[in-house]
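So you can see what is in the structure, the chains are spelled out below.
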Amino acid sequence: MAMNTGGRLVAGSHNRNEFVLINADEIGRIKSVHELSGQTCQICGDEVEITVDGELFVACNECAFPVCRTCYEYERREGSQCCPQCKTRYKRLKGSPRVEGDEDEDGAEDLEHEFDYSNVDTTNFLHGAGGIASARGGSAGQAINSRQGLTPQNSEIPLLTYGEEDGESEYNQSALIVPSLASYGNELRYPPVNAGNTNPRPMVPEKDIALYGYGSVAWKDRMEDWKRRQNEKLQVVRHQGNNISKDLDAYDPEMPMMDEGRQPLSRKLPISSSRINPYRLIIILRLAILGLFFHYRILHPVPNAFGLWLTSVICEIWFGVSWILDQFPKWYPVVRETYLDRLSFRYEKEGQPSELADIDVFVSTVDPMKEPPLITANTVLSILSADYPVDKVSCYVSDDGAAMLTFEALSETSDFARKWVPFCKKFNIEPRAPEWYFCQKMDYLKNKVHPEFVRERRAMKRAYDEFKVRINRLVAVAEKVPEDGWTMQDGTPWPGNNVRDHPGMIQVFLGSDGAKDIEGNELPRLVYVSREKRPGFEHHKKAGAMNALIRVSAVLSNAPYLLNVDCDHYMNNSKALREAMCFMMDPIGGRKVCYVQFPQRFDGIDRHDRYSNRNVVFFDINMKGLDGLQGPIYVGTGCVFRRQALYGYDAPSKKKRPSKTCNCWPKWCCFCCRSRKNKKGKSRKESKKLKHREASKQIHALETIEENREEPKPLITSLSQEKLEKRFGQSPVFVASTLAVDGGIPSSISSEALLKEAIHVIGCGYEDKTEWGKEVGWIYGSVTEDILTGFKMHCHGWRSVYCMPKRPAFKGSAPINLSDRLHQVLRWALGSVEIFLSRHCPIWYGYGCGLKWLERFSYINSVVYPWTSIPLLVYCTLPAICLLTGKFIVPEISNYASLIFMALFISIGATSILEMQWGGVGLDDWWRNEQFWVIGGVSSHLFALFQGLLKVLAGVNTNFTVTSKAGDDGEFSELYIFKWTSLLIPPTTLLILNIVGVVVGVADAINNGYDSWGPLFGKLFFAIWVIMHLYPFLKGLTGKQERVPTVIIIWSILLASILTLVWVRINPFVSRDGPVLEICGLNCNDN
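Residues numbered from 1 in each chain as written. Predicted model: local features only at pLDDT ≥ 70, side-chain atom pairs only at ≥ 80, totals over all residues. Heavy atoms only, no water.

Chemist: Explain the pattern of salt bridges to me, please; I cannot follow it from the model alone.
Modeler: Pairs can form between side chains of opposite charge whenever their charged atoms are close. Enumeration over the complete set of coordinates arrives at 29 salt bridges. A salt bridge links K426 to E452; the nearest nitrogen and oxygen atoms lie 2.9 Å apart. You can see K426 sitting in helix α9 (residues 404–427) and its partner E452 sitting in helix α11 (residues 451–478), a full 26 residues away along the chain. Overall, K426 belongs to the partly exposed group, its relative accessible area being 36%. A relative accessible area of 28% places E452 in the partly exposed class. For D603, the salt bridge identified is with K811, shortest N-O distance 3.7 Å. Linking D603 in strand β14 (residues 601–603) with K811 in strand β17 (residues 810–813), this pair joins segments that are 208 residues apart in sequence. Here K811 falls in the partly exposed class, since its relative accessible area comes to 21%. (Salt bridge = Lys/Arg side-chain N within 4 Å of Asp/Glu carboxyl O. Helix = DSSP H or I, 4+ residues; strand = E, 2+ residues; numbered from the N terminus. Buried < 20%, exposed > 50% of the residue type's maximum accessible area, 1.4 Å probe, protein only.)

Written out as structure tokens, the structure reads:
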């Protein structure tokens, strides 16, 4: 059927599936290059520059729309890659970097600037007038893309009018109204119009609108829908405390919005070049000096102490390799910054339900007698009162000890939460764990505190004291377990009386109907979970408990994101969940983020941090370095996961980056240019189709962001139901939930049916013949399941993010006495040994996947470091042996050797100083870390190595007790508690050996005279280095009573004596042929 156009022109594009509407007038006509001389950029307001050829820079050859080179580069790299006025895709101009879609463009090659982004001043660009977001937002009114397909033949086609409806239009016809886009302030409006002309002016005003006939350019409903969406975006969420301009209401409601919601929710801040470049230079110099050092050491043996020399060289080579594995993953340290206001702007619109994603929070606990219920209650209360929509938070507490004490304490916690949560949100207090909040000293006169707050705070303090009394009463009652076990309120026996044989238990305390706070508001969901345990089943400790929580939460709430914390890590920053969502929900780079790791911070540690409990060097230096690669490793707590990543799915496939060489392997192949020419041999028709296709994708992506919708994420939906059940287990409800990318549970299933299914998925036999613990969930095979789980995700191509908000997100308790601290380090080291001896060892696992090389170095270092204990123990013994025997591991030092040794020590010091500078670590923290590296290396790491070998090779399992948390007997009282452990013997032996060696060496030098002091200095320096590193251990032995336990003294002296006697027997001071006798010249027979 032909359409009567009245001889008029109809224009459109079938390939790009779009129609372009241009409000043309005399000023909006296409201008020549000469006419554009002196024009300003219509995006940022800067003057359009002159090219090196002396001509005005023209970004678009179709309409010559004035855009500077900076905005042109940014739009090609980060935006829609299209001209804001005519929507034609920008072509690559000479001197511009190559971006996606440029492979098949015709024209001369410009390899010199193909990947050169250094000339793009992004910082100045982002701060320009208007910003780039308005450019993309403003162009939305000029190009209306049709995705409705062809309209039916009987559909109504609108008339085209300008500014107002045509009164003579028929009632059943829709008229298109083109709005006027006037300038306001310094912001951009498309197209540019005369400031004096308030009404839009058509090109031929005298022409009757009826003569235009009918067309499919746009229709009224679609235009009104676009205007409605633009008005919605102009709404600003007014949060308490935010600085919002008071002139927002004066804005033109028709203006294209420079919306914050279209901008990234976070950004990466590299370390400044003035700090990182000298650091990298020192690393290279240190590597070169290390090579010269080994060259000298290997070529200059010590003949009279060959065994000592060879042993020391082997140890030093191992230390050098360990340093390389630890150093180079810190090559690209970065810091990240989040924009919480943009997150709210995008996902929380005024008057509408929040669009923030749901989050399931996992809290794990085992033994309430060692992990006090009051600490667990504070952690739960801080989560329930987080600054996040209450209907989107679900807290699951895993009680792997099936203790009725934990159950009753959680019941009391849910009751107190009805008072605590509204108090926190009403006054916006920090932190929201009551124990630590009330420990803060309150200045009631500061900032004119409101009297109402003072009254309610005092009332809440009394309520919390009563809550503590009830919890402590439960703890006191639980210390004496009845012979028949505990019974519940209705007289039935407690199902968990037998810890090793009990059914699964689930109790929903909050989140059900009627669970409101004292103000009548809804509360987050709180669920108690204790998985089933039966004899003869392997339960996999914490990893198994976490996997049970994954399945339970998927059935009951199925949030797309998960947060796991230990029971003693409370939420110190109420906005921590929002901080994580700035990375997870970022429409630009959030799809490939598998987890967001927060640093661990601790309370209750003594000021000097004697045993390096804060571990600041690792969290503030190493983790920042990993964040610049593929992301930090998972440390077991304070981590927000993407649920789909835990299910073992691969990361979304990344589009192929345009490369300046061919795509064959290797990339440095000398036939690159020939391959490029073959690429250019494609037909012109195919090239144009590809350009149209790419442009359509960019426009589609832009409208997707405008509508606040993310593109669908790919999933493994092609698997059959049988394969899915083999992978995830025999639960139709849970299997169906794994395919829901955005989470949510079906509303057709009743609560009783969901609860029954939840009990089923925590059965002890549910994981049999499935991929749980192998490819799905927390990975089994190591007591440190955290490293293994993060490693598997990185192997699937995901990346992680390290988030360090100014206010620490989480804080926890740390074992502060020496014995508990050593046992904690022993557990970590044992897990690393188990991974090293498993098939998942990063030395040989995961090649050909998405794991980057420097990231692999960091994982290798994390599983290899326990093996350093052997060379470290030997190296710390060498000073004492040298002092006792009079020999040394280094020959007489020449001037060349002195320079090498001095350069090595200076490079080590310079590297450490620069690391402390860009990492923000103090000298005390760095020195404590160095000391405990030696203490843990010669004790916990050594025992973990042998126990790991016994466990893997001989099948001997080692059970660990949970490290006890801080007590209530006074500040730092537990610091001085001494607990006997065999881990204390090796460091004590080293201390005694080196002290005895120093005494013997000094006595020998005094006895032999002045000439013997020169060779003694090197040996004394070596021995004192060991003693200084073991000094915190010596203070830990003495404790508060300033005395060492007798058993430690006896064992250490015995071992030191045995080693000394053995060495004297093997290599005595005198010659093996006996003492050398010389004639003294005196005749002893003369009287």
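Here the narrative resumes.
Chemist: Even after reading the chapter, I still don't get the sheet that holds strand β7 (residues 359–365), so can you show me in this structure?
Modeler: One open sheet holds the eight strands; their spatial order is β9-β10-β8-β7-β11-β15-β13-β16, and the pairing between them is mixed. For this open sheet the edge positions go to β9 (505–510) and β16 (799–802), each flanked by a neighbour on one side alone. Pairs of neighbouring strands in the sheet enclose a mean axial angle of 20°, with direction left out of account. Of the pairings in the sheet, the one linking strand β8 (residues 393–399) to strand β10 (residues 525–530) comprises five bridges and is parallel in character. Directly across from C395, in β10, lies its bridge partner L526. Packing of α9 onto the sheet brings it into contact with β7, β8, β9 and β10, and relative to β9 it is tilted by some 15°. (Pairing = 2+ DSSP bridges. Axes fitted to C-alpha atoms, helices over the stretch in contact; angles between N-to-C directions. Contact = heavy atoms within 4.5 Å.)

Chemist: Help me out: how do you make sense of the packing of helix α7 (residues 340–347) against helix α13 (residues 576–584) in this one?
Modeler: When two helices pack together, their arrangement is given by the angle between the helix axes and by the axis-to-axis distance. Axis separation between α7 and α13 bottoms out at 10 Å; the angle between their running directions is 75°. Classed by the angle they form, the pair α7 and α13 counts as roughly perpendicular. Here L340, L343 and S344 of α7 lie close against α13, whose contacting residues are R578, E579, M581 and C582. (Parallel < 35°, antiparallel > 145°, perpendicular 65-115°, else oblique.)

Chemist: Just checking my understanding: could you explain the side chain of N378 for this structure?
Modeler: Note that N378 resides in helix α8 (residues 373–384). At 3.3 Å, the side chain of N378 forms a polar contact with the side chain of Y464. N378 has contacts with A433, P434, E435, W436, Y464 and Y570, leaving out every residue within four places of it along the chain. (Polar contact = N/O pair within 3.5 Å; in protein donor to acceptor, adjacent residues only side chain to side chain.)

Chemist: I keep staring at the sheet that holds strand β12 (residues 570–571) and nothing clicks. Help me out?
Modeler: Hydrogen bonds between backbone groups are what pair the strands of a sheet, and the pairing can be parallel or antiparallel. Taken in spatial order, the three strands line up as β12-β17-β14 in an open sheet, and their pairing is mixed. Since the sheet does not close on itself, it has two edges, and those belong to β12 and β14, each with one partner. Relative to β17, β14 is paired through three bridges, and the arrangement is parallel. Directly across from F602, in β17, lies its bridge partner G812.

Chemist: Even after reading the chapter, I still don't get the environment of M804, so can you show me in this structure?
Modeler: For M804, the position within the fold is in the loop between β16 and β17. Taking C-alpha positions, M804 is 9.5 Å from T338, a pair spaced 466 residues apart along the chain. Apart from residues lying up to four places away in sequence, M804 is in contact with P599, R601, F619, D620 and K624.

Chemist: Looking at this structure, how should I read the packing of aromatic side chains?
Modeler: Centre-to-centre distance and the angle between the planes together describe a pair of aromatic rings. Throughout the structure, instances matching the rule amount to 49 aromatic pairs. Both rings, one in F618 and one in F619, keep their centres 5.1 Å apart while their planes meet at 75°; by these two values the pair is edge-to-face. Given a relative accessible area of 23%, F618 falls into the partly exposed group. An aromatic cluster of three or more residues is present, and its members are F416, W420, F423, F427, Y437, F438, F453, Y464 and F467. In this arrangement the basic side chain of R342 is found over the ring face of Y339, its NZ or CZ atom lying 4.0 Å from the centre. Positioned above the aromatic ring of F932 is the side chain of R821, whose terminal nitrogen or guanidinium carbon lies 4.7 Å from the ring centre. (Phe/Tyr/Trp six-rings, centres within 6.5 Å; stacked < 30°, edge-to-face > 60°. Lys NZ or Arg CZ within 6 Å of the ring centre and 35° of its normal.)

Chemist: Where do I start with helix α12 (residues 541–556) in this structure?
Modeler: Helix length check: α12 (16 residues) gives 23 Å between terminal C-alpha atoms against 22 Å at 1.5 Å per residue, within 8%. With 14 of its 16 residues buried, α12 lies for the most part within the structure. A positive backbone phi angle near 55° is found at N558, which sits one or two residues after α12. (Expected span 1.5 Å × (residues − 1).)

Chemist: For this particular structure, what's the right way to read the side chain of R799?
Modeler: If you trace the backbone, R799 turns up in strand β16. Here R799 is in contact with R336, K592, V593, C594, Y595, D627, L629, Q630, G631 and H794, once residues within four sequence places are set aside.

Chemist: Sorry, what's going on with unusual backbone geometry here?
Modeler: When glycine is set aside, most residues are seen to have a negative phi, and most peptide bonds are trans. E430 connects to P431 through a cis peptide bond whose omega is -10°. With respect to the helices, strands and loops of the structure, P431 is situated in the loop between α9 and α10 (434–439). For K541, which is not a glycine, the phi torsion comes out positive at approximately 50°. Here K541 is to be found in helix α12. In this model, K769 sits at a positive phi of 60°, which is unusual for a non-glycine residue. With respect to the secondary-structure elements, K769 resides in the loop between α20 (751–761) and α21 (785–795).

Geometric values such as these leave the question of function open.
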